[in-house]
Amino acid sequence: MFEDIKLNANSEAVTQRETPHGMLRTLFVSPQSDQDTTHQALLRARYDDTRMVFTLVTGQHAEALAEKTITFLWEQFPAVDVTLRQFADLVQNFLQGEARTIAPDDESRHAVVMGALTRESNAGKGWLAWLGTSGIFILDRNSEPMNLETGLMLGEGWSPKQGIMPEAAQVHADVVLINTISRLLIFTNVLRPVISEVPVLGRAALQRIAAKQAQQIPAVLFDLKAFSVVNVPQHLNVYYRWDDATHVTLFWSGAEEATGYRVEQATLPSFEDATLLAELADSRQRLYRVQPPPEQEVFYRVTPIVKDVVGKPSNLIVVTPVPLVAPSIESIQWLSSGGFRITWTNIPQADLYELESSPDPDFDSPETAIIYRGSAPLHETSGDTPTGWYYRVRSLNTHFAPRTPSSWSATRRAPVQLETPQFTTINRQVLVWRPVIGAKSYEVRRFKGKDDKGRSAEQSVIAIEGNQYPIPD
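Residues numbered from 1 in each chain as written. Predicted model: local features only at pLDDT ≥ 70, side-chain atom pairs only at ≥ 80, totals over all residues. Heavy atoms only, no water.

**Q** A description of the environment of Ala274 should follow, citing residues and the corresponding values.
**A** For Ala274, the position within the fold is in the loop between β16 (260-266) and β17 (275-280). Residue classification places Ala274 among the partly exposed positions, given a relative accessible area of 32%. Counting along the chain gives 27 residues from Ala274 to Arg301, while the straight-line C-alpha distance between them is 9.6 Å. Contacts of Ala274, omitting those with residues within four sequence positions, involve Glu264, Gln265 and Ala266. (Helix = DSSP H or I, 4+ residues; strand = E, 2+ residues; numbered from the N terminus. Buried < 20%, exposed > 50% of the residue type's maximum accessible area, 1.4 Å probe, protein only. Contact = heavy atoms within 4.5 Å.)

The structure is reproduced here in structure tokens:
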């Protein structure tokens, strides 16, 4: 959809409106002379959110030429990479061709200014062309006039019958970046003497001065106070990872020019019921932690923002249950009670583990059983636990995948026997050894003498609860 502006004698003298391209002030003041020339000037403009075209025509067929020109500019809007020369040629061909069909036999002279603005390039871009008039004035961001080729050839103009006049004349053209200009004005020549004052004039003063200047033809003005072009952020690519059993981190890449991000959640892919989760004002913050509801499917998206300009929303993210990784049994160690301490790797996305034991490495025995269900990645068995049994473990997420546990871990076998004690001190008075975890007592054997075959003939067995044995005299 677009908006149209048509300014003629029936229009309000001074109007002002806000457009996506800037604050636009327009003026149409009819001359005070007895001769009716109001129909000999017409301003036309058309715009949408990203494009604006405009033209000001003076002459006998101003209305017809303005309508033809505005349609031409809108339908053949220049691509962003069109150069000054290409645009000038485009306008020249239009004025020498299609425009002349409005009144093929009419020789009356016309003057025309036209332009096209786009906000779709990085700094915005504008193409300007004029013929038979110097009615164009531009201020830069410092409110200084920009240099334009406003000199005219003698007799310069356009007529339906002859086209561009004189034959040697060429369309004047220029290309500007919107972000380098503060004011763009096009006007009928009667305002040329006062045009440098126009940007600072209020409504009443502008109308009063225009009425004074409009002696033969209407005083017509198009005054655009241009808005800077803020680059619309490009598309984001959003991903996610499970941090733990209930939390997910969204993270994204792209839209390097973004100054902030909007994070939303919805239950419908259309986002008609979107809930705003966060407005992130720091462009470096490219991740956000969420807690999906386990009872229903939800969608997430992230929208980049540059200042107040909202970019295109990212791809939709549907958080699916994480495919759980099987834990790995790290160790099975004796406890002082005689049982075992079994530990395995922690799986952040899991909130439950199941530990299974069996006397059979294939876990086919009727004695096979799950001996532990809990959230901690470890389990301690009782002191009467059999030695040499086999163990394996798996992980679960009871919130999002209660019926889809991970695969079982690799099997680990518990020790069959205690470690052999290692002596640390041996002398005539005492024997000392390192304590063995899981041992309740130690057996010390003492040998005396040898039989006729050289073997120890006598021995005594002593049960020791500590880790040292005083040698008797």
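Now, onward.
**Q** Just give me the short version of the pattern of salt bridges, but keep the residues and values in it.
**A** For the structure on display, the rule yields 22 salt bridges. Linking Glu12 and Arg203 is a salt bridge whose minimum nitrogen-to-oxygen distance equals 2.5 Å. Of this pair, Glu12 sits in the loop between β1 (3-7) and β2 (14-19) while Arg203 sits in helix α3 (residues 203-213), and the two are 191 residues apart along the sequence. Among the residues examined, Arg203 registers a relative accessible area of 44% and is labelled partly exposed. The shortest N-O distance in the salt bridge between Asp48 and Arg51 comes to 3.7 Å. Counted as one network, the salt bridges with shared partners bring together Asp4, Lys6, Arg44, Arg46, Glu63 and Glu67. (Salt bridge = Lys/Arg side-chain N within 4 Å of Asp/Glu carboxyl O.)

**Q** I'd love a proper account of the packing of aromatic side chains, names of residues and values included.
**A** All told, the structure shown has 13 aromatic pairs when counted by the stated rule. Ring geometry for Trp334 against Phe340: centres 4.6 Å apart, planes inclined by 45°, an arrangement best described as tilted. A single burial state applies to Trp334 and to Phe340, both of which are buried. Site record: aromatic cluster; members linked through ring pairs are Phe77, Phe87 and Trp127. Just above the ring of Phe77 sits the side chain of Arg51; from NZ or CZ to the centre is 5.2 Å. Its guanidinium or amino end placed over the ring of Phe271, Arg301 lies 4.2 Å from that ring's centre, counting from NZ or CZ. (Phe/Tyr/Trp six-rings, centres within 6.5 Å; stacked < 30°, edge-to-face > 60°. Lys NZ or Arg CZ within 6 Å of the ring centre and 35° of its normal.)

**Q** For the nonpolar core, give the residues involved together with the corresponding values.
**A** One finds Leu250, Trp252, Ile342, Trp344 and Tyr391 to be the most contacted residues of the largest nonpolar core, which totals 36 residues. The contacts of Trp344, once residues within four sequence positions are left out, are Pro327, Ser328, Ile329, Glu330, Tyr353, Leu355, Tyr372, Ala376, Pro377, Leu378, His379 and Val393. Counting 28 residues, the second largest nonpolar core, distinct from the first, contains Ala45, Trp130, Ile186 and Leu224. (Core = buried A, V, L, I, M, F, W, Y, C linked by side-chain atoms within 4.5 Å.)

**Q** Run through unusual backbone geometry, naming residues and quoting values.
**A** A cis geometry characterises the amide bond from Met165 onward to Pro166, with omega recorded as -15°. Note on placement: Pro166 falls in the loop between β10 (163-165) and β11 (172-176). Even without glycine at this site, Phe363 takes up a positive phi of about 60°. Here Phe363 is to be found in the loop between β24 (352-358) and β25 (369-374). The exposure class of Phe363 is buried, given its relative accessible area of 8%.

**Q** Provide a residue-level description of the pairing of strand β5 (residues 51-58), including the pertinent values.
**A** Counting buried positions along β5 gives 7 out of 8 residues, so the element sits mostly inside the fold. Across 7 bridges, strand β4 (residues 41-47) lies against β5 in antiparallel orientation. Bridge pairing links Ala45 to Phe54 in β5. Turn length for the β4-β5 hairpin, with the two strands adjacent in sequence and antiparallel, is 3 residues. Here β5 runs beside strand β6 (residues 111-118); their pairing, made up of 8 bridges, is antiparallel. Each bridged residue has a counterpart across the sheet, and for Thr58 the counterpart in β6 is Ala111. (Pairing = 2+ DSSP bridges.)

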